[in-house]
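Residue-level structure breakdown
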Amino acid sequence: MDEMATSSAAENDDRLDGTRDGTPEPADGIREPAEPAGDAPAGRDRTIRGAALLATLIALPVTLLVAVLAFTRLSPAEPAAAPSPTAARVQSTAPVEMAAPALAARPATVCRALLSQLPPTIRDRAQRPVTAGPEQNAAYGDPAITVACGGTEPAIPPTDEVWTVNRVCWHSVEQDDATVLTAVDRETPVTVRVPRSFEQPLQWVAPVSSAIVASVPSGGDVPAGCRA
């Protein structure tokens, strides 16, 4: 009896030892060797990381190639020229035909002084050469605004209007193709001819007025409308 009890106890111990690792005992008593618990997950991690790295290495050149192709398509073949801040006005540079009557010594001196004070442009109209009398004549733009110094002072009817522009008294006469303005409060007359295509002709004589004040002395019979 004791030997049988001992044998049964030993068998029970063997069964317990076979199930202590949590794995059921097979019916035939033959157990397959178990794979190490940590090897399988580590292998899968290395496989996943390798696949991800390979995908990144493949995707990066493709992304760069797409970006280069897109930039090449969107970029113009030649860089666009920077817009000019102010486009230059196209005008004739041919000499403007003007008469040059003979002047006495004093008017000739005054006119030379005036011509030296005239600006190179009137607003956006550049000065042009003249056919005669560059010491007493000037022209600007196309069609040309002309400035003539000297000559006979016009007779001004009492009812005519006069205007003061930059301290110079101007009398105007309307012609078919131009407005003719004459400075009538100076010892030597100065005449500015403004084509009819130019609006508000008095605005065009403002730079000439400044040159007259600097070079042509006051004198003559100043019309009442221009007296201070």
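Structure report, in brief.

Reading the values: the criteria
- Residues numbered from 1 in each chain as written.
- Predicted model: local features only at pLDDT ≥ 70, side-chain atom pairs only at ≥ 80, totals over all residues.
- Heavy atoms only, no water.
- Helix = DSSP H or I, 4+ residues; strand = E, 2+ residues; numbered from the N terminus.
- Buried < 20%, exposed > 50% of the residue type's maximum accessible area, 1.4 Å probe, protein only.
- Contact = heavy atoms within 4.5 Å.
- Areas by Shrake-Rupley, 256 points an atom, 1.4 Å probe, with all protein chains shown as cover.
- Core = buried A, V, L, I, M, F, W, Y, C linked by side-chain atoms within 4.5 Å.
- Phe/Tyr/Trp six-rings, centres within 6.5 Å; stacked < 30°, edge-to-face > 60°.
- Lys NZ or Arg CZ within 6 Å of the ring centre and 35° of its normal.
- Salt bridge = Lys/Arg side-chain N within 4 Å of Asp/Glu carboxyl O.
- Pairing = 2+ DSSP bridges.
- Axes fitted to C-alpha atoms, helices over the stretch in contact; angles between N-to-C directions.
- Expected span 1.5 Å × (residues − 1).

With respect to the overall build of the protein chain
- If you tally the helices and strands in the protein chain, you get five helices and eight strands.
- Each helix and strand of the protein chain, ordered N terminal to C terminal, gives the series α-α-α-β-β-β-β-β-β-β-β-α-α.
- Counting the 228 residues in the protein chain, one finds 27% classified as buried.
- Summarising the internal contacts of the protein chain: among those between residues at least 6 apart in sequence, 57% fall at separations of at least 24.
- Split by element, the accessible area of the protein chain, about 15400 Å² in all, is 59% carbon and sulfur.

Some remarks on the nonpolar core
- Ranked by internal contacts, the top residues of the largest apolar core, which has 26 residues, are Leu114, Leu118, Val147, Trp170, Val192, Val208 and Ile212.
- Counting only elements with at least two residues in this core, the list comes to α3 (105-117), β3 (137-140), β4 (145-149), β6 (168-174), β7 (178-183), β8 (190-195) and α5 (206-215).
- At four residues, α3 tops the list of elements feeding residues into this core.
- Non-local contacts of leucine 118, meaning those with residues more than four positions away in its chain, are made with Ala138, Tyr140, Val147, Val208 and Ala211.

Re unusual backbone geometry
- Between aspartate 142 and proline 143 the backbone carries a cis peptide bond, its omega angle lying at 0°.
- Even without a glycine there, the phi angle at arginine 123 is positive, about 55°.
- Within the fold, arginine 123 resides in the loop between β1 (121-122) and β2 (125-128).
- The phi torsion at asparagine 166 lies on the positive side, around 50°, for a residue other than glycine.

Section: the packing of aromatic side chains
- Summed over all chains, the structure comprises one aromatic pair.
- Note on phenylalanine 198 and tryptophan 204: the rings are 4.9 Å apart at their centroids and 85° apart in plane angle, and the pair reads as edge-to-face.
- Overall, tryptophan 204 belongs to the buried group, its relative accessible area being 5%.
- The ring of tryptophan 204 carries arginine 123 above its face, with NZ or CZ at 4.3 Å from the centroid.

With respect to the pattern of salt bridges
- In total, this model carries six salt bridges according to the counting rule given.
- The salt bridge partner of arginine 106 is glutamate 187, with a shortest N-O separation of 2.7 Å. Of this pair, arginine 106 sits in helix α3 while glutamate 187 sits in the loop between β7 and β8, and the two are 81 residues apart along the sequence.
- Between arginine 196 and glutamate 174 there is a salt bridge whose closest N-O contact spans 3.9 Å. Note that arginine 196 is positioned in the loop between β8 and α4 (201-204) and glutamate 174 in strand β6, a separation of 22 residues in sequence.

As for the sheet that holds β1
- With antiparallel pairing, eight strands are arranged side by side in an open sheet as β1-β2-β3-β4-β8-β7-β6-β5. Each edge of the sheet is formed by a strand with only one pairing partner; in this case those strands are β1 and β5 (162-165).
- Two elements, β6 and β7, share five bridges in a ladder whose sense is antiparallel. Looking at the pairing, histidine 171 lines up with threonine 182 of β7.
- Sheet strands touched by α5: β1, β4, β5, β6, β7 and β8. Its angle to β6, the strand with the most contacts, is close to 135°.

Comments concerning α3
- With 13 residues, α3 should reach 18 Å at 1.5 Å per residue; the first-to-last C-alpha distance of 19 Å fits that figure.
- Taken together, the buried residues of α3 touch β3, β4, β8 and α5.

With respect to the pairing of β8
- Both β4 and β8 contribute to a ladder of four bridges, which runs antiparallel. Note that in β8 the partner of alanine 148 across the bridge is threonine 191.
- In this structure, β7 lies alongside β8, joined through six bridges in antiparallel fashion. Along β8, the bridge assignment pairs threonine 179 with valine 194.
- Taking the residues between adjacent antiparallel strands as the criterion, β7 and β8 are bridged by six residues.

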